[in-house]
Amino acid sequence: MSVSRRSLLRSSVAMLGAVSLNSKFAFAADGPIKIGILHSLSGTMAISETTLKDVMLMLIAAQNAKGGVLGRKLEAVVVDPASNWPLFAEKARELISKDGVSAIFGCWTSVSRKSVLPVVKELDSILFYPVQYEGQESERNVFYTGAAPNQQAIPAVDYLMSKDGGSVKRWVLAGTDYVYPRTTNKILEAYLKLKGVAQEDILINYTPFGQSDWQTIVSDIKKFGSAGKKTAVVSTINGDANVPFYKELGNQGIKATDIPVVAFSVGEEELSGMDTKPLVGHLAAWNYFESVDTPINKAFIAQWHAYTKNPKRTTNDPMEAAMIGFSMWVKAVEKANSFKPDDVIDAIIGVSVPNLTGGTATMMPNHHITKPVLIGEIQADGQIDTVWQTPGTVVAQEWSPYLPESKDLISDWRKPLSCGNLNVKTGHCG
Amino acid sequence: MHWLRLLALWVAIAILPQNAFAEGPDTALARFAQHNFMESAKAVRELASDQWSGAGAVLAALSDNRLYYDAASKVIYFKDEKGTLHTARDGLPAAGIDVATLSPVHLNNAVRSALEDAKGSMTMVSADPVQRLSGAKDAFRAHDPAALPAITAELAKETDPEVKLALQQAQAAIIAASVDAPIAQRLDAIKVVQARGDDLALSVLSAIGNNAQGEVKTAALAATANLQATAAIWANVQNVYYGLSLGSVLLLAAIGLAITFGVMGVINMAHGEMVMLGAYTTYIVQQWLRAYRPEWFDASLFIAIPLAFLVTGFIGVIIERTIIRFLYGRPLETLLATFGLSLVLQQAVRTIFGADNRNVGAPHFMSGIFHLGGLSVTYGRMWIILFSILVFLGLQMLLRATSFGLKMRAVTQNRRMASAMGIDTNKIDALAFGLGSGIAGIAGVALSQLDNVSPNLGQSYIIDSFMVVVFGGVGNLWGTLVAAMSLGVANKILEPFVGAVLGKILILICIILFIQRRPRGLFALKGRAVES
């Protein structure tokens, strides 16, 4: 029953958004401030992005209950780019020019972000991007609240190399064939070689989107792992392909104590669609887990359950990133005393808000935020239990120091530098 | 089941009179309270080698996340299966202590490994030969030098030949890697491990090859090379098997389409959604069983198969009656209408069930693996191969040996003549479309065991299905069978050499070239029906 009630709620919110399109009073001085929500509600990415839309609506409703921002109510404008990358750009344009939103919260895949990028630059708006990604980017109009590779992938590899993680000596880098896994694996390969891992101890494997037949690859992994050295799999396998991958691992009897798999795209939400008993002990690296035992996280989960009217609905890392992005925007608006994107862009650097793991997230001059890195093991109940975490928060390296093409680049959007890709060798920006 | 028996054993050990404390488990137990995985793993190893009778209960509790400690007093507690709290030291119920004030002892892979090793050494002494065998196998997996005296002692007592062999192998794995053992003994041990011949043996031998010196290194390397050569031959057999398995999935996905598109000529883009609906039927059946009849869970697929056939078959008939029948002879409109329909069905499922994956469990008989020589066969895949062949034969029977099949073939071969003979062609069309959809639904039940059950399930199979039907020759079920199997095997033989991405591209290019040469596919229909 709760499902249909939820969908009813969803459609009524969507209707509200549609009604507001025609509203003549949208730009009135004391009217509500509009926030664009640009997440796919249909198509292949709906599986991940629908949740983020719900979180944003919850946060906006909660902010309005507190009296809004600068005395103005907020109003969400929800659009559906339908997992269609060019449509992301069109919808972003519509949100900015037609609805006049003050900021956009949205995108999941890197390709959708790249498609929105020219639009937010041209129309000088703001995009908050809440998902972990491959880095190698820093733009004036985009704020990246998910993890860069050094806030997720590198610490995960460090952990597995350590005694606690099993002193792994041999590595399988398995990923879906697109930009995030390719770039992440390039960084990881350079990093592993820097740490003295030989070429023959690294196996890199790419699979198409939606790969469902993992028999050969899993048996290759098994073979690669029987060379007498501790082996681990670093998985950048995307979304849907994970279920058949883990099923095959379970069926072929590969246990976490033999060959652990550490995943960067598998969170509580993905696990809720799987039978996790054969997966106990496989790892995930994120900046937040639902199981984190802090009062602020407990409160967030309770708020989420109350809002979705579903006491079993899981929370995950991109939700925390979306929450941090929204809190930062609110704080920056209050600091700048203005909703204008230009003012907010200047004011937001240095803004700190609490994260859900008991620390604070700060917006750095490179438009990325500081994050703690958590390594967790999958439990039989589908939760991820933290087994290791960085002592403090980690600052994002948006330009990887392990890749030759980006090792001399830095980004600093503070005036007067205001540059996203300054080459420190040549002193040249761009 | 095996695990339960083990628990029972541990609990049995726990209830034994507690007076034979050797050194006392206090140092070991105290380690659990240090909130450190390395200390916990150490504690597990100490408890396993200690003669303390309470160890079984504590370790069983730890592996089930039922072990707790008091952060202030460092006292260790465990909950039994009924949820009653006990003090670990004396096993007595700890009344008046609230679990909420205690901290759980967390597990990581290092602790889990130690637990598995402990399980091996503790079950090795069991009275049940099945338990002893599993213990001996665990001991091989662990090949922990500390366990050598225990293994040797057990070996002297052991009478069961199978357990004895497993123990000998475990002993050999330890001796072969031991620097202290005499060279001749190590060389013999390497032979024993080599004779075992599986992945684990290869792993043990390659580790020795990496670390040892002189004669032992040479022998280990030779043994590794020998095992790898055998494995390489088996790998080819394995690839063909994987190919057949992939082929059976393709066959299941395509065979419904072979009816609707192949026999009836309807370009049915909503075919994949019928597969998806079949998978969701399985999900609903499992949810219902989980809630009301959990003991029947293993039968869930057998209940889901006929139900999925009825549900999707019924939807198929409705689609044919309301949409398709107005579009016969207009392939482009059919394509667009069914494509639109597929989007509608997807979004409908997304609205009802949500966009995320649904958890469809595997019944007991669908999980696990067995070895046939060097071939590893997973049960799930094996049953799906057999099931796909069964579906194929059933469908052949239906088309060849029943009156409905005869009428259906008559209608597709010459509609007007069939009509003139008194066959109700409208009814046959609707039933044939329903049959194709129903078969797709059955395929969905099988695919729910392998793939995501999400609204996108069907989309990922529709292209492959069309490819199989067109490649096999439209209108020919045998063609579909041969096409599915040959595409599966070709894919799996290419994959190790060129990778999954390029393999798929190469296969597509080959099919394009093939269709250029033979536009009607592998098994082209001949005769008057083709011309019309």
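The numbers attached to residues start from 1 for each chain and follow its sequence in the written order. Here chains are named by letter from A upward and ligands by number from 1 upward, in the order in which they appear as written. Owing to the predicted nature of the model, reporting of local features is limited to residues with pLDDT of at least 70; listing and counting of side-chain atom pairs is limited to 80 or more, with chain, interface and lining totals taken over all residues. Hydrogen atoms and water are omitted, and side-chain values are computed over all heavy atoms in the structure.

J.: Which parts of the structure should I look at to understand the overall build of chain B?
T.: Strands are runs of DSSP state E lasting at least two residues, helices are runs of H or I lasting at least four, and both sets are numbered from the N terminus onward. For chain B, the helix and strand inventory stands at 21 helices and six strands. Against the globule reference of 24 Å for 532 residues, chain B gives a C-alpha radius of gyration of 30 Å, more extended than a compact globule. Dimensions of chain B, computed from C-alpha atoms along their principal axes, come out at roughly 95 × 65 × 40 Å. Accessible area is worked out with a 1.4 Å probe on protein chains only. A residue is then buried under 20% of its type maximum, exposed over 50%, and partly exposed in between. Looking at chain B as a whole, 49% of its 532 residues are labelled buried. Computation of the radius of gyration draws on C-alpha atoms, with the globule rule given as 2.2 Å multiplied by the number of residues to the power 0.38.

J.: Help me understand the domain arrangement of chain B, please; the structure alone is not making it clear to me.
T.: Often, the extent of an interface is quoted as the loss of accessible area upon association of its parts. Boundary definitions for the domains trace back to an automatic or database domain assignment. Looking at the assigned domains, one finds that chain B contains domain 1 (21–109), domain 2 (124–212) and domain 3 (234–531). In this structure, domain 1 of chain B and domain 2 of chain B have C-alpha centres spaced 30 Å apart.

J.: I tried to follow the packing of aromatic side chains on my own but got confused; where do I start?
T.: All names here are of chain B. Put simply, two rings from Phe, Tyr or Trp (the six-membered ring, in Trp's case) pair if the centres are within 6.5 Å, and we call them stacked under 30 degrees between planes, edge-to-face over 60, tilted for the rest. For the structure on display, the rule yields 23 aromatic pairs over all chains. Between Phe 392 and Trp 478, the ring centres sit 5.0 Å apart and the planes meet at 75°, which makes this aromatic pair edge-to-face. Remark: Trp 478 occurs in helix 20 (residues 477–517) and Phe 392 occurs in helix 15 (residues 379–401); sequence separation between them is 86 residues. The exposure class assigned to Trp 478 is partly exposed, which follows from its relative accessible area of 46%. Here Phe 471 and Phe 514 contribute two aromatic rings whose centre-to-centre distance is 5.1 Å and whose plane-to-plane angle is 70°, an arrangement assigned as edge-to-face.

J.: What exactly am I supposed to notice about the packing of helix 9 (residues 183–196) of chain B against helix 10 (residues 199–211) of chain B here?
T.: To characterise two packed helices, one gives the angle between the axes of the helices and the distance between these axes. Residue and element names in this part refer to chain B. Think of each axis as a best-fit line through the C-alpha atoms, taken over the contacting stretch in the case of a helix, with angles from 0 to 180 degrees between the N-to-C directions. Packing of helix 9 against helix 10 brings their axes to within 8 Å, and their N-to-C directions diverge by 150°. By the angle class used here, helix 9 and helix 10 are roughly antiparallel. Judged by the twist between their axes, the crossing of helix 9 over helix 10 is left-handed. Mapping the contact onto sequence places Arg 186, Ile 190, Val 193, Gln 194 and Arg 196 in helix 9 and Leu 200, Ala 201, Val 204, Leu 205 and Ile 208 in helix 10. Among the residues forming the contact of helix 9 with helix 10, the class breakdown is seven nonpolar, one polar and two charged. Small angles under 35 degrees read as roughly parallel and large ones over 145 as roughly antiparallel, with 65 to 115 read as roughly perpendicular and the rest as oblique. By the definition used in this description, the sense in which the near helix is turned from the far one sets the handedness, with an anticlockwise turn below a right angle giving left-handed and a clockwise turn giving right-handed. Here, residues are in contact when the closest pair of their heavy atoms is within 4.5 Å. Charged residues are taken to be Asp, Glu, Lys and Arg, nonpolar residues to be Ala, Val, Leu, Ile, Met, Phe, Trp, Tyr, Cys and Pro, and polar residues to be all remaining types, Gly included.

J.: Just to check I follow, could you spell out the domain arrangement of chain A for this structure?
T.: Residue and element names in this part refer to chain A. In terms of domains, chain A is made up of domain 1 (3–147 + 295–371 + 401–423) and domain 2 (150–286). Summarising the inter-unit geometry, the C-alpha centres of domain 1 and domain 2 are found 30 Å apart. Computed with a 1.4 Å rolling probe, the buried area is the accessible surface lost when two parts are put together, summed over both parts. Contact between domain 1 and domain 2 buries roughly 1,800 Å² in total, counting both sides, with carbon and sulfur atoms accounting for 60%. On the domain 1 side of the contact with domain 2, Gln 132, Glu 134 and Tyr 402 bury the most area, a combined 36% of that side's loss. The working definition used for a salt bridge is a side-chain nitrogen of Lys or Arg within 4 Å of a carboxyl oxygen of Asp or Glu. Counting every contact that joins domain 1 to domain 2 gives one salt bridge. Glu 405 is the partner of Lys 186 in a salt bridge, and the nearest nitrogen-oxygen pair spans 3.5 Å. Pairs of N or O atoms within 3.5 Å make up the polar contacts considered here, provided that, within protein, one atom can donate a hydrogen while the other can accept it, and that residues adjacent in sequence are counted only when both atoms are side-chain atoms. At the surface where domain 1 touches domain 2, the tally comes to five residue pairs in polar contact (both at pLDDT 80 or more).

J.: Quick question: what am I supposed to make of the nonpolar core here?
T.: Ranked by internal contacts, the top residues of the largest apolar core, which has 73 residues, are B:Ile255, B:Met408 and B:Leu487. Here, the term nonpolar core denotes a set of buried Ala, Val, Leu, Ile, Met, Phe, Trp, Tyr and Cys residues that are joined through side-chain atoms within 4.5 Å. Among the nonpolar cores identified, the runner-up in size contains 66 residues, and A:Ile35, A:Leu127, A:Ala361 and A:Met363 belong to it.

J.: Even after reading the chapter, I still don't get the side chain of A:Asp385, so can you show me in this structure?
T.: Locating A:Asp385 in the fold gives a position in strand 14 (residues 384–389). Here A:Asp385 sits buried without a salt bridge, and the closest side chain of opposite charge, B:Arg112, lies 6.7 Å off (N-O distance). Setting aside its immediate chain neighbours within four residues, A:Asp385 contacts A:Ser291, A:Ile375, A:Gly376, A:Glu377, A:Gln379 and B:His106. Charge convention: Lys and Arg are scored as positive, Asp and Glu as negative, and His as well as the terminal groups of each chain are ignored.

J.: How should the environment of B:Trp52 be read in this particular structure?
T.: Relative to the helices and strands, B:Trp52 resides in the loop between helix 3 (37–49) and helix 4 (55–63). B:Trp52 sits in the buried class, given a relative accessible area of 3%.

J.: Any chance you could explain empty space enclosed by the protein here in plain terms?
T.: One water molecule sets the probe size; rolling that probe over the atoms shows where empty space is left. Method remark: on a 1 Å grid restricted to protein atoms, a set of points is classed as a cavity if a 1.4 Å probe fits but cannot get out and as a pocket if it is open with protein on both sides within 12 Å along at least five of seven lines; lining residues have an atom within 4 Å of a point. Grid points are joined across faces, edges and corners, and a volume is the space filled by probe spheres set on the points. By the definition in use, this model includes six cavities of 30 Å³ or more. Reported here for the largest cavity is a volume of approximately 50 Å³. What lines the largest cavity is simply A:Ile47, A:Ser48, A:Glu269, A:Glu270, A:Gly273, B:Asp356 and B:Asn357. Of all elements in the fold, only helix 2 (46–65) and helix 9 (268–271) of chain A reach the threshold of two or more residues within the lining of the largest cavity. When grouped by side-chain class, the residues that make up the lining of the largest cavity number one nonpolar, three polar and three charged.

J.: Looking at this structure, I do not really get the sheet that holds strand 16 (residues 419–423) of chain A. What am I missing?
T.: By definition, the strands of a sheet pair up through backbone hydrogen bonds, in either a parallel or an antiparallel sense. Residue and element names in this part refer to chain A. Strand order in the open sheet made by the three strands is 15-16-17, with antiparallel pairing throughout. The open sheet has two edge strands, strand 15 (409–412) and strand 17 (428–429), and neither has a second partner. What makes two strands pair is DSSP finding at least two bridges between them. Bridging between strand 16 and strand 17 involves two bridges; their strand directions are antiparallel. From the neighbouring strand, Leu 422 faces strand 17, where its bridge partner is Cys 429.

J.: It is not clear to me how the sheet that holds strand 6 (residues 170–176) of chain A should be interpreted in this structure. Could you clarify?
T.: All names here are of chain A. Pairing is mixed across the open sheet formed by seven strands, whose spatial order is 7-6-8-9-10-13-14. Of all the strands in the sheet, the pair left with one neighbour each is strand 7 (202–207) and strand 14. The sheet shows a mean angle of 25° between the axes of neighbouring strands, taken without regard to direction. Where strand 6 and strand 7 come together, six bridges link them in parallel fashion. Bridge pairing links Thr 176 to Thr 207 in strand 7.

J.: Teacher, can you tell me more about the interface of chain A and chain B here?
T.: If you look at the interface, chain A gives 56 residues, while chain B gives 55 residues. Between chain A and chain B lies a buried interface of about 4,300 Å² when both sides are counted; carbon and sulfur atoms form 44% of it. Linking chain A with chain B are six salt bridges. Summed over the shared surface of chain A and chain B, the result is 17 residue pairs in polar contact (both at pLDDT 80 or more). Of all the elements, helix 7 (residues 215–224) of chain A adds the most residues to the side of chain A that touches chain B, at six residues. A class-by-class count of the residues in the side of chain A that touches chain B yields 19 nonpolar, 21 polar and 16 charged.

J.: What exactly am I supposed to notice about the pairing of strand 1 (residues 33–38) of chain A here?
T.: On a regular strand, each side chain points to the face opposite its neighbour's, so the side chains alternate between the two faces of the sheet. All names here are of chain A. Counting buried positions along strand 1 gives six out of six residues, so the element sits mostly inside the fold. Of the two faces of strand 1, the one holding Ile 33, Ile 35 and Ile 37 and the one holding Lys 34, Gly 36 and Leu 38 are both buried throughout. In this structure, strand 1 lies alongside strand 3 (residues 103–106), joined through four bridges in parallel fashion. From the neighbouring strand, Leu 38 faces strand 3, where its bridge partner is Gly 106.

J.: What is the right way to look at the pattern of salt bridges in this model?
T.: Pairs may arise between side chains of opposite charge once their charged atoms sit close together. For the structure shown, the criterion picks out 38 salt bridges over all chains. Put simply, A:Glu94 and A:Lys91 hold a salt bridge, and the shortest N to O gap is 3.8 Å. Of this pair, A:Glu94 and A:Lys91 both sit in helix 3 (residues 85–98), separated by three residues, roughly a single helical turn. Using a relative accessible area of 24% as the deciding quantity, one classes A:Glu94 as partly exposed. Where A:Asp412 meets A:Arg414, a salt bridge forms, and the shortest distance between an N and an O atom there is 2.8 Å. Within this structure, A:Asp213, A:Glu248, B:Arg381, B:Lys492 and B:Glu495 form a network of salt bridges that share partners.

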